[in-house]
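Observations on chain architecture
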Amino acid sequence: MRRILALPLILAACVPAAPRVACAPATLPAPAPSNGVDGLEAEVRRIIRAAAGDTAEVSVAFMDLQRGDSLLVDAHVRMHAASTMKVPVMMELFRRAGAGELSFDAPIRVQNSFVSIADGGSYQLSPDDDSDGELYRRVGSDVPMRELVERMITRSSNLATNILIAEARPARIARTMEAIGARDMHVLRGVEDQAAYDAGMNNTTTAYALMRVMRAVQDPAVVGASAAREMQEILARQEFTDMIPAGLPAGTRVASKTGSITRISHDAAIVYPPGRAPYVLVVLTRGFADEDAAQRAGRDVSRAVWMHVTR
């Protein structure tokens, strides 16, 4: 286990509501390490041992934005990012909108033909493998970028993601991730690029890197007040809430993004206890044969963190 020490968080960003206005980079103070997480660490490790055994893995990254408590448990283990990579795509689109490079109100043609980064071949997505099948009925029509971003996050639409990656551009996403200290979040390609998957060209992350992403999303000093507010609102409309949110008291506000493929179940969340600053929690799992067991581990970790924060 390693605790977070001095971690500068820097990103030049502007808000979408004020295009073409340059903003100065912001440097955020890092939270001080705290001895208060020792009990939490013991409980989280107990949960992981009970859930994962010798066959599965669980990575946890937690940061309390009020008290400065932080906890990393195997948080630098690299895993397939699954749909958590959609948060960096959203962040980069907001950054580009703030710089006046694109408009969220601009229409984008819905298409279902994409180019593999591995061999240049074309591939399509199937609505049967997508949690947002409705968008496929609109292929050939124009949809505002704002709606595509909403679908990418709240419904985890693969089709919207692949359309939007062309606008966000992986190389630019990489530079933004480097700027916020999330250099281990790698967004290389769109979803269901089988040739790339077979070649090992995958979107990957660590719990620590994804925690940095979620911290940046909520911070006006990093992304701008308007962008921070709107991104949190989108994440708060998340339709898949079986992991971190399910471990919280009913009615707790949470902004989150899940990600799951075979034997992979992740969740990353900003949690807002009443009357205090939020905290960020990321739980990544790999190797669980039973997805319900992976989600249950995430719920148990979420419950333990909530009790630590609100005690």
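Since we're looking at a predicted model, the values are computed, not measured.

Scanning the protein chain for helices and strands turns up ten helices and 13 strands. Scored against the burial criterion, the 311 residues of the protein chain give a buried share of 56%. In the protein chain, 69% of the contacts between residues at least 6 apart in sequence involve partners at least 24 apart. For the protein chain, the exposed area adds up to about 12,800 Å²; of that, 49% sits on carbon and sulfur atoms.

Ordered by their spatial adjacency, five strands build an open sheet running β4-β3-β13-β12-β11, and the pairing between neighbours is antiparallel. Edge strands, defined here as strands with exactly one partner in the open sheet, are β4 (70–73) and β11 (253–261). Adjacent strand axes in the sheet meet at a mean angle of 10°, parallel and antiparallel pairs treated alike. As paired elements, strand β12 (residues 264–272) and strand β13 (residues 279–286) share eight bridges and run antiparallel to each other. Within the sheet, the bridge partner assigned to Asp-267 lies in β13 and is Val-283.

To continue, consider the pairing of β12. Burial runs high along β12: nine of the nine residues are buried. In β12, alternate side chains face the same way, and those of Ile-264, His-266, Ala-268, Ile-270 and Tyr-272 on one face and Ser-265, Asp-267, Ala-269 and Val-271 on the other are all buried. Here β11 pairs with β12 via nine bridges, running antiparallel. Bridge pairing in β12 links Ser-256 to Ala-269. Where β11 folds back onto β12 in an antiparallel hairpin, the turn is made up of two residues, including Arg-263, whose phi is positive at roughly 60°. Here β12 folds back onto β13, and the loop between the two strands holds six residues, one of which, Gly-275, carries a positive phi near 80°.

Here we come to the layout of surface pockets. Considered as a void within the structure, the largest pocket measures approximately 710 Å³ in volume. Lining of the largest pocket is provided by 32 residues; of these, Ala-82, Ser-83, Gly-259, Ser-260 and Ile-261 occupy positions nearest its centre. For the lining of the largest pocket, the elements supplying multiple residues, two or more each, are α6 (194–198), β11, β12 and α10 (291–310). Looking at the lining of the largest pocket residue by residue, the classes come out as seven nonpolar, 16 polar and nine charged. By volume, the second largest pocket is sized at about 230 Å³. Lining the second largest pocket are 17 residues, and of these Phe-114, Val-115, Asn-162, Ile-165 and Ala-166 lie nearest its centre. Of all the elements, helix α4 (residues 158–168) adds the most residues to the lining of the second largest pocket, at five residues. Partitioning the lining of the second largest pocket into residue classes produces ten nonpolar, three polar and four charged.

Our next topic: the nonpolar core. One finds Val-89, Met-90, Leu-93, Leu-164 and Val-213 to be the most contacted residues of the largest nonpolar core, which totals 64 residues. If you tally residues by element for this core, the top one is helix α7 (residues 207–217), at nine residues. Filtering out sequence-adjacent residues up to four positions away, Val-213 remains in contact with Val-87, Pro-88, Met-91, Met-177, Ile-180 and Ala-182. Counting 30 residues, the second largest nonpolar core, distinct from the first, contains Val-73, Phe-288, Ala-304 and Val-305.

The rules we used
Residues numbered from 1 in each chain as written. Predicted model: local features only at pLDDT ≥ 70, side-chain atom pairs only at ≥ 80, totals over all residues. Heavy atoms only, no water. Helix = DSSP H or I, 4+ residues; strand = E, 2+ residues; numbered from the N terminus. Buried < 20%, exposed > 50% of the residue type's maximum accessible area, 1.4 Å probe, protein only. Contact = heavy atoms within 4.5 Å. Areas by Shrake-Rupley, 256 points an atom, 1.4 Å probe, with all protein chains shown as cover. Pairing = 2+ DSSP bridges. Axes fitted to C-alpha atoms, helices over the stretch in contact; angles between N-to-C directions. 1 Å grid on protein atoms, 1.4 Å probe; cavity = no way out; pocket = protein on both sides within 12 Å on 5 of 7 lines; lining within 4 Å. Points joined across faces, edges and corners; volume = space filled by probe spheres on them. Nonpolar A, V, L, I, M, F, W, Y, C, P; charged D, E, K, R; others polar. Core = buried A, V, L, I, M, F, W, Y, C linked by side-chain atoms within 4.5 Å.

These figures come from the coordinates and say nothing about function on their own.
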